Amino acid sequence: MADKNERSIDEKLDLPQGTLDLLILKALSLGPQHGWAISERIHDVSRATLQIPQGSLYPALHRLERHGWIRAEWGASDNNRRAKYYELTKIGRKQLDTEAADWARLTAAVALVLRMT
Amino acid sequence: MFTELWSDLRHRLRSLVRRGDVERELDDELRFHLEREIEKLVQSGASRTEAERRARLAFGGVERAKEDARDVRGTARLETLLRDMRYAARVLRTRPTFTLAVVLILGIGIGANSAVFTLVDALLLRTLPVPHPEQLVTVGDPADVHSAWTGSPVTEYTSYPVFVDIRDQNTVFSDVYANGYPNDWDVSVNGDANAVEHPLGRLVSGGFFSVLEVRAYLGRTFTAAEDATPRGDPVAVISYAYWQRRFAGDRGVLGRVIQINHTPISIVGVAPAGFTGDIVGESTDIWVPMMMAPAVRAGPPVLDNREASWLVIMGRLRPGVTLTQARKQITAIETQSIRAHIDGRTLTEFDEDLRSTPILVQSGAAGFSSVRDFYGSAILIAMAAVGLVVLVVCANVCTLMLTRAAARGREMTVRMALGAGRSRLVQQLLTESAILALLAALVAIGVAAAGSRLLIATATLGDAPIALDTHPDLRVFAFTSAVTLACVLLCGLAPAIRATRNDVATALRAHSRNLFGARGRFGAGRALVVAQMALTMLLLVGGGLLVRSMQQLLHVELGMDRDHVVMVHVATARTNYVGARLAAVRSAFADRARQLPGVDAASFTLEGIFSGGASGGHVDVPGFVPQADSERQVQYDEVGPGFFKAIGATIVRGRDFSASDAGNRANIGAINETMAKAYFRDRDPIGRTVTLDSVNYTIAAVVRDVEEVRDLRAKPIRRLYMATIPPSDRPRTFELAVHVAGRPAASVVEPLRRALSSLDPTVPFTITPLDERIRRTVGEELLLTKMTVFFGALALALAALGLYGVTAYSTAQRTAEFGLRTALGAEPGAGTRLVVGEAARVAILGIFVGLPLGLLATRLIRNVMFGVSPLDWPSLSIAVAVLVFTSLIASWLPARRAGRVSPIEALRTE
């Protein structure tokens, strides 16, 4: 497990600029989570291809909170410790839809260009 | 959108206000994350230590993450600023003397500048508070708001018939009005004739309010009909300030009847707040229509009298008409209006006068003002003086800041060595300077407000205060603050620049090697002190000259006993004393005064001395052939028996007037020496005759010239005194001259007041010692002298402070050098002499720069100087001596230390 982790650093993809917000919003769309769980969820779901630099996760969470797209609440974690849970707000959900649509259009367009011969 | 903004604001506010909570939560959150990561790694088989290492590695820098998270809050800049301010406050508190000195120097400098400029603005620059003041145009000399002249027409101010011609014939003004001084008013508000007050009133023609476009706050202003019938409309509009002051803002004031010079006048309106009339420096209380002049103005009839000039005129330009067009047309109408009614020699003289002094038609945006004319140049010179003081203030604060910068060099170097960036240091120092400037601004506001009031109080000579809006002028306050702030900031940055100029290692080494190190490094500070000395020298030269000139003015030989004469102005013009009864009351007043203990002579005069009044005429003298008409002009006065003794004049030949001269038809006269010389040369004038207005006067005496005019600088005037003749049936005032022997003149003022009141309580009079009257005539010079001396002293004190600071600093820096000198056998005191010698060189350099500047600057004050040449050695040497002496004291105090440094002490400072 440890070895695999270290190897995966080489294979890990750098996150394109601005996609971290989208990933966080998407991760939270399934339900409230704390920071570590968000990072794990993205890691797992992307089949370990996307490694979020954990240090940059928290500034991003706080920025989204400031925008009012997510809100935070302290609660008990699964192992009964105090953790800060983030939850998508109504406008956060709207933002997620917009950004997801944008992303789909962008990738489709890029794919189209790349298929050009 | 709104929710996002709100969320953003709430977030930032919380970060700012509950900073501790937010930080703790951030810590908790990050710790939780790391612990979960470690747990995960441990579960997958890593050792605890290995897990911790890998978790941290995966996370990246925790502090970095925190810093990023803080940045996201959007309050990082503000937090740094608050931290800087707290630090700056701490730094400033540890050096209270430095802080206090900078704050006070800056505060006084900015404040004084604002105070003087506030006056400059109020008096010279500000426009009348009426709509479109730029359309207003004045005709005549705007300073002549109290002038009146009976005789051949003048053009500085006009008669009512001339105004009517201008009003009816011009096509350049949409409307025009005339404003005249109604002489003093006795106003009785309650109908009680004994409780009279003296508000300031003006007689204005019907267009006054419509030209100025001022609407009534209450009631109405004047109607066109009120400008038609003499004595027809006894109405008045009062000012808002008078309404508040006298009627406590009572709305029932409309329709109320007051007595003005015993004429009932009813109040029909109140002018809006802030409108104090068209005369700057004088707040008008009551306006009465011009047509009421016959009822309320003492003196000769004016409405149909082309000989009585007493009006200044203001018009509003029609749209599209330029000032030049207006000037051309108004000049033509006025010239034509005057010339049509004069002939012969009067006409020739009028044309001659007109060639040398054209009729003034100029912008009236700033209104009329006699105060402006009287004090204008003094205030501009004061502005220059205070500007110099501000320069000294800047130089001084720079010196202080540089001294401080040098002392903090080590602190800056160490902080840079510890990794503080240059921009952080700059920001830190800027914060410190800004706090200093802020404190100084607070002091300055107080100084400016108090300063303006003090200046006006100093400038006020009579009983009526000069009414000026003295709210500190915000623009100049901002400007001065900006200039001084810039200088504080620039100088305040010096430590950062100094510290970052060299690389850290060299700087640290330089600071640890102090021996001889300080010498010559403080060039900037010395240069600033030289500049301060030079500017101070400039002010001292000017101040010295003004003081000397003032002394000459106040002690100039006037030909009379100025210290022992009391003048009484008796306002019989508004009583029913005329003819023989007036002659009787004049004698009675003089007799009563003469009975007082200490009084050895008393007599009366129609014009008075230094009263501002004068009469002139043309004389014919047998045997004298005039070359020009002006050679026939003399001033004359009617005086009572014993008059020359009463004013302490010297009779060169002949005798004083006696009681038998008065009232007889022999027409006895006396002439002054200037007149005797002009008309009789070497012949003896006694017994000869002069003719004035077809009356022959036999000369009984020649008296030494007595200066009786307002302007002490005027050339001697030919003067004729006539022994009083029986008065006509026209009421008029007179003045009493009372001579006091063997005691101060002021001591008889009270007894005299009691004695005269007992004669007839209904006759109003005012008593003034002659010397006080004379001083009032030189008010401008007095104010100017006081201000220049004050600013000179201020600059001197600042310069001394600057020299003290620099000397103290360099002495402290050279402790090691002085210790070494002592160790090498220098005698005690040698160090002190060395330091004082250096300071003296700085001062002398300043004097050499400042002296020529000062001499150049005397050009500015040349026309207010009297009896002193610009190269006045006594005042120049005193200025130099004062500066040198002050410099020696200022440097000797801190230099004493230099002579007492022991080698041990020097070693300890290393």
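Everything quoted here is computed from the prediction, not taken from an experiment. (Residues numbered from 1 in each chain as written. Chains lettered and ligands numbered in written order. Predicted model: local features only at pLDDT ≥ 70, side-chain atom pairs only at ≥ 80, totals over all residues. Heavy atoms only, no water.)

J.: What am I meant to see in the overall build of chain B here?
T.: Secondary structure assignment for chain B yields 27 helices and 24 strands. Scored against the burial criterion, the 910 residues of chain B give a buried share of 51%. Across chain B, every contact between residues at least 6 apart in sequence was considered, and the portion connecting residues at least 24 apart equals 82%. (Helix = DSSP H or I, 4+ residues; strand = E, 2+ residues; numbered from the N terminus. Buried < 20%, exposed > 50% of the residue type's maximum accessible area, 1.4 Å probe, protein only. Contact = heavy atoms within 4.5 Å.)

J.: I tried to follow the pairing of strand β16 (residues 615–620) of chain B on my own but got confused; where do I start?
T.: The two faces of a sheet get side chains in turn, since along a regular strand they alternate between them. Residues and elements named next belong to chain B. Here β16 shows one buried face, formed by Ser-615, Gly-617 and Val-619, and one open face, formed by Gly-616, His-618 and Asp-620. Both β16 and strand β17 (residues 633–639) contribute to a ladder of four bridges, which runs antiparallel. Bridging across to β17, Gly-617 finds its partner in Val-634. Both β16 and strand β20 (residues 689–692) contribute to a ladder of two bridges, which runs antiparallel. Within β20, the residue paired with Val-619 across the bridge is Leu-692. (Pairing = 2+ DSSP bridges.)

J.: Looking at this model, I keep getting lost on the sheet that holds strand β1 (residues 33–34) of chain A. Mind explaining?
T.: Paired through backbone hydrogen bonds, the strands of a sheet run either parallel or antiparallel to each other. Residue and element names in this part refer to chain A. Strand order in the open sheet formed by three strands is β1-β3-β2, with antiparallel pairing between adjacent strands. Bordering the open sheet on either side are β1 and β2 (70–76), each of which pairs with just one other strand. With two bridges connecting them, β1 and strand β3 (residues 82–88) associate as antiparallel partners. In the sheet register, His-34 faces β3, and the bridge partner there is Tyr-85.

J.: What should I look at first to understand the nonpolar core in this one?
T.: Generally speaking, nonpolar side chains in soluble globular proteins are found buried as a group. Residue and element names in this part refer to chain B. Ranked by internal contacts, the top residues of the largest apolar core, which has 70 residues, are Leu-212, Phe-275, Trp-287 and Phe-791. Ranked by residues supplied to this core, first place goes to helix α13 (residues 370–417) with 17 residues. Counting 52 residues, the second largest nonpolar core, distinct from the first, contains Ile-258, Met-292, Ala-293 and Leu-311. (Core = buried A, V, L, I, M, F, W, Y, C linked by side-chain atoms within 4.5 Å.)

J.: What is the right way to look at the packing of helix α4 (residues 54–67) of chain A against helix α2 (residues 19–43) of chain B in this model?
T.: Viewed as axis vectors pointing N to C, α4 of chain A and α2 of chain B meet at an angle of 140°, and their least axial separation amounts to 12 Å. You can see that α4 of chain A and α2 of chain B cross each other, and the crossing is right-handed. Two secondary-structure elements touch here, α4 of chain A through Gln-54, Tyr-58 and His-62 of chain A and α2 of chain B through Leu-26, Glu-29, Leu-30, His-33 and Glu-37 of chain B. A per-class count over the contact of α4 of chain A with α2 of chain B returns three nonpolar, three polar and two charged. (Axes fitted to C-alpha atoms, helices over the stretch in contact; angles between N-to-C directions. Left-handed = near helix turned anticlockwise from the far one by under 90°. Nonpolar A, V, L, I, M, F, W, Y, C, P; charged D, E, K, R; others polar.)

J.: Explanation requested: the interface of chain B and chain A in the structure shown.
T.: Interfaces are often sized by the amount of accessible area the parts lose when they come together. Across the boundary between the two partners, chain B contributes 27 residues, which contact 29 residues of chain A. Of the roughly 2,700 Å² buried between chain B and chain A, counting both surfaces, carbon and sulfur atoms make up 51%. Our count for the chain B to chain A interface comes out at five salt bridges. Here Arg-81 of chain A and Glu-35 of chain B are joined by a salt bridge, their closest N and O atoms 2.4 Å apart. Summed over the shared surface of chain B and chain A, the result is seven residue pairs in polar contact (both at pLDDT 80 or more). Listed by contribution, the elements that provide at least two residues to the side of chain B that touches chain A are α1 (2–17), α2, α3 (48–59) and α4 (62–72) of chain B. The leading source of residues in the side of chain B that touches chain A is α2 of chain B, at 12 residues. (Buried area = accessible area lost by both parts, 1.4 Å probe. Salt bridge = Lys/Arg side-chain N within 4 Å of Asp/Glu carboxyl O. Polar contact = N/O pair within 3.5 Å; in protein donor to acceptor, adjacent residues only side chain to side chain.)

J.: Would you mind showing me how to read the side chain of Arg-773 of chain B here?
T.: Residue and element names in this part refer to chain B. Mapped onto the secondary structure, Arg-773 falls in helix α22 (residues 770–777). Polar side-chain contacts of Arg-773 include one of 2.9 Å to the side chain of Glu-735. Leave out the neighbours within four places in its chain, and Arg-773 touches Met-567, His-569, Ile-609, Phe-610, Ser-611, Glu-735 and Thr-768.

J.: Could you clarify how one ought to interpret the pattern of salt bridges in this entry?
T.: Oppositely charged side chains may form a pair once their charged atoms are brought near each other. The final tally for this structure, using the stated rule, is 31 salt bridges over all chains. The structure contains a network of salt bridges with shared partners spanning Glu-40 of chain A together with Glu-37 and Lys-40 of chain B.

J.: Looking at this structure, I do not really get the side chain of Ser-147 of chain B. What am I missing?
T.: Residues and elements named next belong to chain B. One can find Ser-147 in the loop between β1 (136–139) and β2 (149–150). Among the residues examined, Ser-147 registers a relative accessible area of 17% and is labelled buried. Within polar-contact distance, the side chain of Ser-147 engages the side chain of Asp-144 at 2.6 Å. Setting aside residues up to four positions removed in sequence, Ser-147 forms contacts with Tyr-157, Ser-309 and Trp-310.

J.: Is there a simple way to explain the pairing of strand β7 (residues 235–238) of chain B in this structure?
T.: Residues and elements named next belong to chain B. Burial along β7 is two-sided: the face carrying Val-235 and Val-237 and the face carrying Ala-236 and Ile-238 are both buried. Relative to strand β9 (residues 263–270), β7 is paired through four bridges, and the arrangement is parallel. Bridged to Ala-236 within β9 is Ile-267. Note that β7 and strand β10 (residues 286–289) share two bridges and pair antiparallel. Pairing of Ile-238 across the sheet is with Ile-286, part of β10.

J.: Any chance you could explain the environment of Leu-888 of chain B here in plain terms?
T.: All names here are of chain B. Mapped onto the fold, Leu-888 is located in helix α26 (residues 873–900). Separated by 52 residues in sequence, Leu-888 and Val-836 place their C-alpha atoms 6.7 Å apart. Not counting residues up to four positions away in its chain, the partners in contact with Leu-888 are Val-836 and Ala-840.

J.: Looking at this structure, I do not really get a positive patch on the surface. What am I missing?
T.: A surface patch of like charges, here positive, comprises Arg-83, Arg-86, Arg-90 and Arg-93 of chain B. Along the chain, the position of Arg-93 of chain B falls in helix α5 (residues 76–94). (Patch = residues over 30% accessible without salt bridge, like charges linked within 9 Å, V, L, I, M, F, W, Y side chains within 5 Å. Areas by Shrake-Rupley, 256 points an atom, 1.4 Å probe, with all protein chains shown as cover. Lys, Arg positive; Asp, Glu negative; His and termini not counted. Charge placed at Lys NZ, Arg CZ, Asp CG, Glu CD.)

J.: Teacher, can you tell me more about unusual backbone geometry here?
T.: Leaving glycine aside, a negative phi is the common case for residues, and trans is the common case for peptide bonds. Its identity is not glycine, yet Arg-231 of chain B carries a phi of approximately 60°, on the positive side. Here Arg-231 of chain B is to be found in the loop between β6 (218–219) and β7.

J.: Would you explain helix α6 (residues 96–125) of chain B in this entry?
T.: Its 30 residues place the ends of α6 of chain B 40 Å apart at the C-alpha level, agreeing with the 44 Å of an ideal helix rising 1.5 Å per residue. α6 of chain B sits mainly inside the fold: 21 of its 30 residues count as buried. (Expected span 1.5 Å × (residues − 1).)

J.: Can you walk me through helix α7 (residues 160–169) of chain B in this structure?
T.: Given 3.6 residues to a turn, an α-helix orients residues that are three or four positions apart in the same direction. All names here are of chain B. Counting buried positions along α7 yields seven of 10 residues, so the element is predominantly enclosed. Residues of α7 that are buried include every one of Tyr-160, Pro-161, Val-162, Phe-163, Val-164, Asp-165 and Ile-166, and no others. Buried residues along α7 sit in contact with β3 (173–180), β11 (308–309), β12 (311–317) and α11 (323–339).

J.: Mind showing me how you'd approach the confidence of the model for chain A here?
T.: For any part of a model where pLDDT is low, the fine detail of the predicted coordinates should not be relied upon. Residue and element names in this part refer to chain A. Averaged over all residues, the pLDDT of chain A equals 80, while 85% of them reach at least 70. Per-element averaging of pLDDT across chain A places helix α1 (residues 2–11) at the bottom with 44 and helix α5 (residues 90–115) at the top with 89. Here residues 1–10 scores under 50 on pLDDT; set against residues more than four positions off or in separate chains, the count is three contacts. (pLDDT = per-residue confidence, 0-100.)

J.: How do you make sense of the packing of aromatic side chains when you look at a structure like this?
T.: Two aromatic rings, taken as a pair, are described by how far apart their centres are and by the angle between their planes. Summed over the entire model, instances satisfying the criterion amount to 22 aromatic pairs over all chains. When the ring of Phe-209 of chain B is compared with that of Trp-287 of chain B, the centres are 5.6 Å apart and the planes differ by 75°; the resulting orientation is edge-to-face. Remark: Trp-287 of chain B occurs in strand β10 and Phe-209 of chain B occurs in helix α8 (residues 208–212); sequence separation between them is 78 residues. Considered together, Phe-209 of chain B and Trp-287 of chain B belong to a single accessibility category, that of buried residues. An aromatic cluster is built from Tyr-177, Phe-208, Phe-209, Phe-222, Phe-275 and Trp-287 of chain B, whose rings are joined through pairwise contacts. When the ring centre of Trp-74 of chain A is taken as reference, the NZ or CZ atom of Arg-82 of chain A above it lies at 4.2 Å. Over the ring of Trp-310 of chain B we find Arg-297 of chain B; its NZ or CZ atom is 4.3 Å from the centre of that ring. (Phe/Tyr/Trp six-rings, centres within 6.5 Å; stacked < 30°, edge-to-face > 60°. Lys NZ or Arg CZ within 6 Å of the ring centre and 35° of its normal.)

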